[in-house]
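Residue-level structure breakdown
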Amino acid sequence: AHTHTHTHTHVADHGAKQYVVKALVLTGGRGKGTLSSGMKGGVKVVDQIAEVEDVSSKMIGYKLVTKQTGEQGVDVSRVMVAEALDILRETYFSIILDSGMGGPVMVGSPEGGMDIEWVAEHKPDKIFTLPIDINAGPDRAKVLELAANLGFDGELKEQACHQMIQLYALFREKDATQVEINPLGVSPDRGVVCFDAKINFDDNASYRQADVYALNDTSEDDPLEVRATNCGLNFIKMDGNIGCLVNGAGLAMATMDIVKLHGGDPANFLDVGGGVKEHQVTEAFNIISSDPKVKSILVNIFGGIVDCRHIANGIISACRQTGLKLPLVVRLAGTKSEEARELLEASGLAITSAGDIQEAAIKAVASL
């Protein structure tokens, strides 16, 4: 529901004994968070429909601060209202991709409903793992054994095993990298229930999972990061004032390090990738220069796959489109770099050239 009055409409005919109201925000620790309305906790269990509306009114339109959000918190624009079920016992279950084991692994613990990292550190004997042969799929006998290790027995063990295998099917069919159920619990009325879930998906498989990615909510993301993603760029906004445009994640990180070494502060991580096209370079420039904190721009390109002429043409196009007034330092090396530098010189634009990454960083910092 997007407004507290809608919550009443959604639950009026449900007839549940209790309701749970959750702030729908992309952060963990909601239950222990604090809202700017003064209410403690972004997850509440209530008995009456009127309480659903009251609690929702203290969530929607306010900021929720949790241990993951920092002091700035996140805006709550929606809440989820569901029937609250009694939980007799809580366990933890997940399926992850583990590079060490070379494939999917089921992870379970009888210590559910809490921070699994804490359990792994303080009670490692309570963590059980089951590697899965990605070609053969789960072995039912072994999954039953895992269910038993989580404390399920009799009919509940069969139910838990069935749910684990079904969750693995979801994991495979939807190209997930993680399916986490915490808690996987026991309800006196419903048996084994997945009470809460977290699912991560492989972005490389987004073309196969259009239905899943159509659900993506970017309302809490930084608008510049959303804009970059839509253009196929890898961009993360930071707090500095030197905008960085680089190709390759490793070179981008090295560029930020050298900027810091010489007293500067990078405003972003931006990897345009090896197959970047001219229009993407233009958009990358537009994204960087639209950040009011940016006071200088540093371009550091090593042309292996990428043709430096595409970078140069993109820079020229962006500068002319935006009427760029910021200092601009460009270092180009590799494929067609000489021709690219000639294009920049012939453009008549106020561009400072640099011979190597160190010189580029020094000049970018000095331009502030």
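See the structure printed just above.
Here is a short report on the structure shown in this document. The numbers attached to residues start from 1 for each chain and follow its sequence in the written order. Reporting in this predicted model follows two pLDDT cut-offs: at least 70 for local features of residues, and 80 or more for side-chain atom pairs to be given and counted; totals over whole chains, interfaces and linings ignore these cut-offs and use all residues. Derived side-chain values reflect all non-hydrogen atoms in the structure, with water molecules and hydrogen atoms excluded from consideration.

Quick notes on the overall build of the protein
For the record, the criterion: Numbering of helices and strands runs from the N terminus; a helix is a DSSP stretch of H or I covering at least four residues, while a strand is a stretch of E covering at least two. The buried label applies to any residue whose accessible area, calculated with a 1.4 Å probe on protein chains only, is under 20% of its type's maximum; exposed applies above 50%, and partly exposed to all values in between. By the convention used here, residues are in contact when the closest approach between their heavy atoms is within 4.5 Å. As used throughout, the charge tally considers Lys and Arg to be positive and Asp and Glu to be negative, leaving His and the chain termini uncounted. Each charge is placed at NZ for Lys, CZ for Arg, CG for Asp and CD for Glu.
Within the protein, the secondary structure is distributed over 12 helices and 18 strands. Considering only C-alpha atoms, the protein reaches an extent of 80 × 50 × 40 Å along its principal axes. A total of 368 residues make up the protein; the buried ones form 41% of that total. In the protein, 65% of the contacts between residues at least 6 apart in sequence involve partners at least 24 apart. Charge-centre separation for the protein: the mean point of 34 positive side chains lies 3 Å from the mean point of 49 negative side chains.

Details of helix α12 (residues 357-366)
Test applied: Arc, as used here, means the arc of the directions from the helix axis to the C-beta atoms. Pairs of N or O atoms are called polar contacts if they sit within 3.5 Å, as long as, within protein, a hydrogen donor faces a hydrogen acceptor (for residues adjacent in sequence, only side-chain-to-side-chain pairs).
Looking at α12, one finds that the buried residues are A360, A361, A364 and V365. The buried residues of α12 all sit within an arc of 125° when viewed along its axis, so they share a single face. Those residues of α12 hidden inside the fold are in contact with β14 (242-246), α8 (249-261), β16 (296-303) and β17 (328-334). Measuring from the backbone nitrogen of Q358 back to the side-chain oxygen at the start of α12 gives 3.1 Å, which picks out D356 as the cap.

With respect to the sheet that holds strand β3 (residues 43-46)
Here is the rule we go by: Here, strands pair whenever DSSP counts at least two bridges between them. Simply put, an axis is a line fit to the C-alpha atoms, just over the touching stretch for a helix, and the angle between two N-to-C directions goes from 0 to 180 degrees.
Read across the open sheet, the three strands follow the order β3-β1-β6; overall the sheet is antiparallel. Two strands lie at the open edges of the sheet, namely β3 and β6 (79-83), each paired on one side alone. The average undirected angle you get between the axes of adjacent strands in this sheet is 20°. Here helix α2 (residues 49-57) sits on the sheet and contacts β1 (19-23), β3 and β6; the angle it forms with β1, its principal contact strand, is near 10°.

So, the side chain of N247
As for its placement among the helices and strands, N247 is situated in the loop between β14 and α8. For N247, a relative accessible area of 9% translates into the label buried. Only 2.8 Å separates the side chain of N247 from the backbone oxygen of F302, close enough to count as a polar contact. In contact with N247, not counting residues within four places along its chain, are D271, V272, G273, N300, I301, F302 and V306.

With respect to the nonpolar core
Worth spelling out the cut-off: Nonpolar cores are built from buried Ala, Val, Leu, Ile, Met, Phe, Trp, Tyr and Cys residues. Side-chain atoms within 4.5 Å join them into one set.
In this structure, L245, F285, V299, I311, I315 and L328 are the most contacted members of the largest nonpolar core, which totals 33 residues. The biggest single contributor to this core is helix α10 (residues 308-322), with seven residues. For I315, the residues in contact, after removing those within four places along its chain, are V281, F285, V299, L328, V330, L344 and I351. Membership of the second largest hydrophobic core comes to 23 residues, among which are I132, F152, F171 and I181.

Some thoughts on the side chain of E180
Filter applied, for reference: Salt bridges are defined by distance alone: a side-chain nitrogen of Lys or Arg within 4 Å of a carboxyl oxygen of Asp or Glu.
Tracing the backbone shows E180 in strand β10 (residues 176-187). Buried and unpaired, E180 has no salt bridge, with K198 as the nearest side chain of opposite charge at 5.0 Å. Within the structure, E180 has its side chain in polar contact with the side chain of Y92 (distance 2.7 Å). Discounting residues that sit within four places of it in the chain, E180 has contacts with Y92, F93, S94, I116, D196, A197 and K198.

Regarding unusual backbone geometry
N182 connects to P183 through a cis peptide bond whose omega is 15°. Turning to its location among the elements, P183 is positioned in strand β10. The phi torsion at D175 lies on the positive side, around 50°, for a residue other than glycine. Within the secondary structure layout, D175 lies in the loop between α5 (154-173) and β10. Overall, D175 belongs to the buried group, its relative accessible area being 17%.

Here's the deal with the pattern of salt bridges
Under the defined criterion, the tally for this structure stands at 16 salt bridges. For the salt bridge of D211 with K174, the shortest nitrogen-to-oxygen distance reads 3.0 Å. Separated by 37 residues along the polypeptide, D211 in helix α6 (residues 210-213) and K174 in the loop between α5 and β10 bring together distant segments of the chain. The closest approach of N and O atoms between D307 and R309, which form a salt bridge, is 2.7 Å. With a relative accessible area of 33%, R309 lands in the partly exposed category.

Topic: the sheet that holds strand β4 (residues 63-65)
Think of a sheet as strands paired side by side through backbone hydrogen bonds, with each pair either parallel or antiparallel. A sheet is described by the order of its strands in space; here three strands give the open sequence β2-β4-β5, paired in antiparallel fashion. Because the sheet does not close on itself, it has two edges, and the strands there are β2 (34-35) and β5 (74-75). Examined bridge by bridge, β4 and β5 share two bridges and lie antiparallel to one another. Across the sheet, residue L64 finds its bridge partner in β5, namely V74.

Notes on helix α4 (residues 140-149)
Of all the residues in α4, the buried ones are V143, L144, L146 and A147. Along the long axis of α4, the arc covered by the buried residues comes to 155°, so they all point the same way. Residues of α4 that are exposed and angled more than 90 degrees away from the buried face: A141 and E145. One side-chain oxygen at the N-terminal end of α4 lies 3.0 Å from the backbone nitrogen of A141; it belongs to D139. G151 sits one or two positions beyond α4 and adopts a positive phi of about 95°.

Some details on the packing of helix α7 (residues 223-230) against helix α9 (residues 278-289)
For clarity, the threshold we go by: Throughout this description, any angle smaller than 35 degrees is read as roughly parallel, any larger than 145 degrees as roughly antiparallel, any in the 65 to 115 degree range as roughly perpendicular, and the remainder as oblique. Three classes are used: nonpolar for Ala, Val, Leu, Ile, Met, Phe, Trp, Tyr, Cys and Pro, charged for Asp, Glu, Lys and Arg, and polar for all others, with Gly counted as polar.
Where α7 meets α9, the closest approach of the two axes is 10 Å, and the angle between their N-to-C directions is 180°. Between α7 and α9, the interaxial angle falls into the category roughly antiparallel. Here α7 contributes L224, R227 and A228 to the contact with α9, which in turn contributes E283, N286 and I287. Looking at the contact of α7 with α9 residue by residue, the class counts come to three nonpolar, one polar and two charged.

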